[in-house]
Every structure is written in C-alpha cells, then in structure tokens.
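# A look at the structure
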Amino acid sequence: MRTVPGPTDHVVVVGAGLSGLSAAMQLAGRGRAVTVVERYAFPGGRMGQADIRGYRIDTGPTVLTMPDIIEEAFAAVGASMTEHLDLVPVDPAYRATFADGSALDVQTDAEAMSAAIEAFAGPAQAAGYRRLRTWLTELYRLEFDGFIAANFESPLSLLTPQLARLAAIGGFRGWERMIGKFITDERVQRIFTFQALYAGVPPQQALAAYAVIAYMDTVAGVYFPRGGMRAVPEALATAAAAAGVEFRYGSIVTALERSGSRVTAVRTSEGDRIDCDAVVLTTELPLTYQLLGRTPRRPIAMRPAPSAVVAHVGVPAVGDRLAHHNISFGGKWAGTFDEIIRDGVLMSDPSLLVTRPTAGDPSLAPPGRDLLYVLAPTPNLEAGALDWASIGTEYARQMVATAAQRLLPGLDDDADVLEIVTPADWARQGMAAGTPFALAHTFGQTGPFRPANTVRGIDNAVLAGGSTVPGVGMPTALLSGRLAADRVTGVVSDVSPRIISSGSR
Ligand SMILES: Cc1cc2nc3c(=O)[nH]c(=O)nc-3n(C[C@H](O)[C@H](O)[C@H](O)COP(=O)(O)OP(=O)(O)OC[C@H]3O[C@@H](n4cnc5c(N)ncnc54)[C@H](O)[C@@H]3O)c2cc1C
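Since the structure is predicted, the reported quantities are computational estimates derived from the model, not experimental observations. Each chain carries its own residue numbering, running from 1 in the written order of its sequence. At least 70 in pLDDT is required for a residue's local features to be given in this predicted model, at least 80 for side-chain atom pairs to be given and counted, and no such filter applies to totals for whole chains, interfaces and linings, which use all residues. Note: side-chain values were computed over all heavy atoms of the structure, leaving out hydrogens and water.

Each aromatic ring pair is characterised by the separation of its centres together with the angle its planes make. Centres within 6.5 Å make a pair out of two Phe, Tyr or Trp rings, where for Trp the six-membered ring is used; the pair is then stacked when the planes are under 30 degrees apart, edge-to-face when over 60, and tilted otherwise. All chains considered together, the criterion is met by 15 aromatic pairs. Relative to Tyr-215, the ring of Tyr-140 has its centre 4.5 Å away and its plane inclined at 10°; by these criteria the two rings are stacked. Of this pair, Tyr-140 sits in helix H5 (residues 123-148) while Tyr-215 is found in helix H10 (residues 212-219), placing the two residues 75 residues apart along the sequence. For the pair shown, Tyr-140 and Tyr-215 are each scored as buried. Numbering goes from the N terminus for both helices and strands, where a helix is a DSSP run of H or I of at least four residues and a strand is a run of E of at least two. Per-residue accessibility, obtained with a 1.4 Å probe over protein chains only, is compared with the maximum for each type, and a residue is labelled buried under 20%, exposed over 50%, and partly exposed between these values.

Now the structure itself:
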C-alpha cells in the first residue's frame, strides 16, 4: 500500500467532521502529534446542530448504524465508547407507511421481523425475509474488509478471491433485482431497497453490493445517542482532546504551503501558519483540489448525489403515534427516482423520512412538545434549475402538510417550522452541487473508481470524507478517517467488524 514517505510526526487534519475526528484519533493513537483545524465553533461538520427556541436540532444524519465503527475510533485512543456515549437501540428501526394505508414496523430482531412480515404479507414473504437476512449478512461479511474498509491502489487490486465470491452471491447484479429473488411483495421490497437513495442511485440501477446498507439498518440495527446525534462528534472530540489532539475551532484553512512534492504548512484565516509533516484534508473535493493546486484527471465528469430539503418542526407532543424513524412512501416509486435524478424536478408523489428525535430523548424539545425532522429527497443543483430562494419555504410547508396528512392528520395546524434547509443552503455551506451527500455511488464512482485518498504528485497529503473512499454516511466517513491514517502510518492492526448474527440480536 502506498503510504506517506518521510517524517509524519505532526499531522494537521483539516475539518472536524466524522472523517477528520476519526483520522485524528487513529493518528494520535499511533503516536502522531495531531492538530485539527475546523471552520465552525464545534465538531461534527455536516453532522450539524442548531438550537432554536428551546429545541436542540440535529441538522444532519438521523439514522445511526454500526456503532462498532464508532467504538473503533474511541478504541484507537484507548477510550471506551460506553463511557462517552449513551447509545440506545431504536425499536422499531423504522416504521414504513404506504400509499394503500398499510404500515410495517421494521424490527431488528429476526423473529419479531419475520412475524411482522408474515402478518403483513404472508408466510412466503416471511420465509423470503429470513433467506434475505442471511444473504445480507453474507454480503456484509464479504465486503467489509476487502472492499469497504480497504485502500485501493488500482482497479487491479479488486481482483481477489473475495471478488469472485461477491460476484457469485450476486453482488454485481442489480440491487432491486436481487431483493426480488427473496421478496415479491412490492411494499416489503421497498424496505430493503430504499437505502439506495443514501447511495445516491435509483435501486433499479444500483449495484446489489450496496444492499450492504440494508444490512446495516435492517439487520445490524439503528441506534440513537442520548443528547441527540451531535453527542457523537462531541464525544469523539472530547476523547481525542484527552488523548492530546489539539483543536483549533473557528479557523478556516485558506492555503497550503508547499515545498516540492510536500505540503509543509497550513495557513488559516486567523493568520496562523501551522507547520506539518503531513496533512489530511476532509474538505469537499473542489476545495481540496483548489488548496492543493491540482485539477483531477478524470475522463468523465463526476456525478453528484441527489440533494434534500430538511424541515425542522416543533409540534405538540404526539407520543407513540409516530415512531422514531418513519418512512412515508408515496404511491410512485421508480418514477420518483427519475424525477429527482434524471428530470431534475420535485417529487410529484413524495416519499418522506420523518424523524422524531424526541422519541429517543424528550429533553431535545421544550416540555410538552416534540421535535420533528422531515426530509424530502430533491434534485441537486446540477440536475435541476430550481429557484430555492423563492420555492424553498413553500415546498417545506407542503412537505410538512403531506407528512401531517399521511401520518398525523390535523397536526400541521400546530406545526411550528423552526428551520428549513434547501440545496441552496447546502451549497452556501460549500457543498458541491448543493448536495450534502457528495458523489453518487455509481459503479464508476465506487471503490478504486472513486476519487482516491492519495493525490498524484503530492507525497504527504491524504484525503478523507464522503467524496473519497469508501463513501457517504456516518460509518463510511469514520472508516475513511481510518483509511487516511493508514496512508500516513501504514496499517497498524487488522480491524475486523463485529458480525451481528443473522438469527437474532
Ligand atoms: C441532511 C443529512 C442527512 C444525513 N443522513 C444520514 C444518515 O441518516 N445516516 C448516515 O449514516 N449518514 C447520513 N448523512 C451523511 C453523513 O452525515 C456524512 O456522510 C458524514 O457526516 C460526512 O462526514 P465528513 O467528515 O466526510 O464531512 P463533513 O462533516 O462535512 O466534515 C468536513 C469538515 O471540514 C470543515 N471544513 C470545510 N472547509 C474547511 C476549511 N477551509 N477550513 C477548516 N475546516 C473546514 C467543515 O466545517 C466540516 O466540519 C446525512 C447528511 C446530511 C447532511
């Protein structure tokens, strides 16, 4: 594996998002002096936060999976996750509701889920689910070390016996097609294919290998940290600081100094000049390449993932009428992906994610109130010429009204919209094409074909974060930090995933 040559005693990490925190902890644990420079006043990056009228809002991810990967970051500095973070299982992981009025609670426990599917769609679907669960677990087992948590030198490094096994179980076929081999009920199929949207690709076109995301949430389970999602980066930063990592918040990296093929110092908006032996950049790719003075050489343009509008809403407490995560599927499905990805228009029959973080921690809202997070996938700014400044507020109002009408009739009368975030806002935060989900996980932007974490012609700069390997999401951002650390120091240990039994938790 190609690693940074020469001294790597002091590493500057640009960005205190999950990838930067993970890289910093891995490097500190391996004896490096680490300085993290972050433009915001707090850690987390797009795992962001806002406190509005007594509500503690998480502006980014809501679905936390694979806590063992978070644990690995704590372990890198000899810290314990359980001492820093109070994670509780979310049960059901999701509540799925459909246009025909039916609903299914997605449960992590194999027996409970099997019984729920049997009651919902009959015994044949339940039997298919049990086989699907075994297949998803096998997919994860085959992919984790060899593909997800791996640094690639070239596409040739893919050619391993594991690749043949992955191909043999259908990893390179279509995601939706493979799910169809186990489950024929179209509603139940969606529970195991909608995650393609997390990868930024329609399930009809996505590789089955990405169904590993469905393993992560439907088999391994969904968790929530008390204190809200922000508790994760805050706890990681606390453990990192205790291990000696220096944090400089509120400081924007404006330039990198170079001497030949090495970055020698990082310059900030405060006028600081921080000497370094190596640098880990977790910034968005266009800024990364600009700081490095490089233009990526790619034969075809990169494809950004779709974007999203998020509305944060305060409502009178609704109790168990809403689960923690609620997926409200519209009647349309394949056409929905065409609308937002191909046609660049808003969904005509929207599918929405409605999260109630106060189900996991009521203290996130004032007494007697619930906090809701309503997310609608939308075109990114390259796919659609939508004028968010003029339509954003009205679209968010419609999203909330649709969610209320489907899930909690009458609620929108009492809904207090606290904050709306549109693709234009993501763009203002520096996110390319106005999407917080970086590059789509098309085949040509996967594994060794995704922008690499090393940079041609620069010896001691390593990239991390959603746009590089392995990709978008909390677990993958954390892994990208470890992969970046491996590029700096070489691999120090073989870290294998904890497989959660396909039988039950
Ligand atoms: C709305 C939304 C919903 C999501 N839902 C989920 C979900 O449910 N589950 C899931 O697993 N994932 C989800 N994700 C994706 C997940 O949040 C991201 O993939 C992950 O947090 C990205 O981490 P990162 O370190 O790559 O990037 P970032 O968090 O963006 O980190 C980069 C950091 O660099 C800093 N920075 C940028 N420029 C500079 C500069 N010049 N100087 C100094 N600092 C700089 C930024 O402020 C930021 O802190 C969601 C994301 C969003 C936004």
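Now, onward.
Think of it this way: DSSP has to see at least two bridges between two strands before they count as a pair. With mixed pairing, the seven strands of this open sheet are ordered in space as E8-E7-E16-E17-E18-E15-E19. The open sheet has two edge strands with one neighbour each: strand E8 (103-106) and strand E19 (416-421). Averaged over all pairs of adjacent strands, the angle between their axes in this sheet comes to 20°, without regard to strand direction. Angles shown run from 0 to 180 degrees and are taken between the N-to-C directions of axes, each axis being a line fitted to C-alpha atoms and, for helices, limited to the stretch in contact.

Before going further, it helps to examine the pairing of strand E21 (residues 458-463). Counting buried residues along E21, five of its six residues qualify, which places the element largely inside the surrounding structure. Alignment of strand E14 (residues 278-281) against E21, held across three bridges, turns out to be parallel. Within the sheet, the bridge partner assigned to Val-279 lies in E21 and is Ala-461. Where strand E20 (residues 454-455) lies against E21, two bridges are found, and the strand directions are antiparallel. What sits directly across from Val-455, in E21, is Ile-458. Counting the residues between successive antiparallel strands, the hairpin from E20 to E21 contains two residues, one of them, Gly-457, with a positive phi of roughly 90°.

Across the interface, H5 lies against helix H7 (residues 175-182) with an axial gap of 8 Å and an inter-helix angle of 135°. Considering the angle they form, H5 stands oblique to H7. Across the interface between the two elements, Gly-128, Arg-131, Leu-132 and Trp-135 of H5 pack against Met-178, Ile-179, Lys-181 and Phe-182 of H7. Looking at the contact of H5 with H7, its residues break down into five nonpolar, one polar and two charged. The labels follow the angle: roughly parallel below 35 degrees, roughly antiparallel above 145, roughly perpendicular from 65 to 115, and oblique for the rest. In this analysis, two residues are considered to be in contact whenever any of their non-hydrogen atoms come within 4.5 Å of each other. Gly falls in the polar group here, along with every residue not listed as nonpolar (Ala, Val, Leu, Ile, Met, Phe, Trp, Tyr, Cys, Pro) or charged (Asp, Glu, Lys, Arg).

Right, let's talk about the site of the ligand for a bit. Around the ligand, 35 residues are found, and the nearest of them are Ser-19, Glu-38, Arg-39, Arg-46 and Met-474. Here a polar contact means two N or O atoms within 3.5 Å. Within protein one must be a hydrogen donor candidate and the other an acceptor candidate, and residues neighboring in sequence count only if both atoms are side-chain atoms. Within the side chain of Glu-38, an N or O atom sits 2.5 Å from an oxygen atom of the ligand. For the ligand, an oxygen atom lies 3.5 Å from a polar atom in the backbone of Gly-45. Counting residues per element, the ones that place at least two in the shell around the ligand are helix H1 (18-29) and helix H16 (474-489). With three residues, the single largest contributor to the shell around the ligand is H16. Of the residues belonging to the shell around the ligand, the class tally is 18 nonpolar, 14 polar and three charged. We call a residue near a molecule or strand when any one of its heavy atoms sits within 4 Å of it.

Quick look at the sheet that holds strand E13 (residues 273-275) now. A sheet is described by the order of its strands in space; here three strands give the open sequence E11-E12-E13, paired in antiparallel fashion. Only two strands of the sheet have a single neighbouring strand rather than two, namely strand E11 (253-259) and E13. When strand polarity is set aside, the average angle formed by the axes of neighbouring strands in this sheet is 30°. In this sheet, E13 lies alongside strand E12 (residues 262-268) in antiparallel orientation, the contact comprising three bridges. In the strand pairing of E13, Val-266 is matched with Ile-274. The sheet contacts of helix H12 (residues 285-292) involve E11 and E12, and relative to E11 the element is tilted by about 40°.

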